[in-house]
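# Overview (structure and organization)
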Amino acid sequence: LLRIPRNDDIDLEEIMIELELCISLLFKPFLHHLKNLVSLEQEFLGIWISMLGIMTHLLGDDAATMEEDDYDDGIMTREKLFRVTKELGSEHLRNAIMVLIAMNVLVNDEDDEAQPNQISSATWAAIGSIGYCRPLIAEWKGTAQC
């Protein structure tokens, strides 16, 4: 994303479509095969940590800032491309987190009653290092307590 040249010859709409496909291709097979993956704990941990690493790289350190006129015009700008990509990536990550919580794979590691596990500890630490997702951690962990 950072290497996209700043010129008029680049079709940012096409890049957005490709990014949407790439993010979906990362998460859809993972979620589809999750039940089988979870049964192989070490393999699952390796795959999940790799996915978290990819999302850390994609989402970056900073939360996206919303421009006032971002939605007003239908033109895709580099800034809008960054924001939409981060929103899409964090939504897919959130969905995966919610499925893992529902399957009792992830627990809130701050909950006194829950027994923290390696997957939960690694997940919350990785998400805590993603600046874009930091404001969402409390909500996501709250779901793990239910």
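For the structure itself, look to the data block above.
Residues numbered from 1 in each chain as written. Predicted model: local features only at pLDDT ≥ 70, side-chain atom pairs only at ≥ 80, totals over all residues. Heavy atoms only, no water.

### Comments concerning the nonpolar core
Counting residues in hydrophobic clusters, the biggest one holds 30 residues, and the most contacted among them are Phe30, Phe44, Trp48, Leu93, Ile97, Ile127 and Trp140. When contributions to this core are tallied by element, the ones reaching two or more residues are helix H1 (12-32), helix H2 (34-38), helix H3 (41-59), helix H4 (78-102), helix H5 (118-128) and helix H6 (137-145). For this core, the element with the most residues is H3, which contributes 7 residues. For Trp48, the residues in contact, after removing those within four places along its chain, are Phe30, Leu93, Ala96, Ile97, Leu100, Ile119 and Thr123. Ranked by size, the runner-up nonpolar core spans 5 residues in total, among them Met16, Leu19, Met76 and Leu81. (Core = buried A, V, L, I, M, F, W, Y, C linked by side-chain atoms within 4.5 Å. Buried < 20%, exposed > 50% of the residue type's maximum accessible area, 1.4 Å probe, protein only. Helix = DSSP H or I, 4+ residues; strand = E, 2+ residues; numbered from the N terminus. Contact = heavy atoms within 4.5 Å.)

### Observations concerning the packing of H1 against H3
The interhelical angle for the contact between H1 and H3, taken along N-to-C directions, is 155 degrees, at an axis separation of 12 Å. Taken together, the axes of H1 and H3 are roughly antiparallel relative to one another. Every pair of crossing elements has a handedness; the one defined by H1 and H3 is left-handed. Taking contact as the criterion, the partners of Ile23, Leu26, Phe27 and Phe30 in H1 are, on H3, Phe44, Ile47, Trp48, Met51, Ile54, Met55 and Leu58. A per-class count over the contact of H1 with H3 returns 11 nonpolar, no polar and no charged. (Axes fitted to C-alpha atoms, helices over the stretch in contact; angles between N-to-C directions. Parallel < 35°, antiparallel > 145°, perpendicular 65-115°, else oblique. Left-handed = near helix turned anticlockwise from the far one by under 90°. Nonpolar A, V, L, I, M, F, W, Y, C, P; charged D, E, K, R; others polar.)

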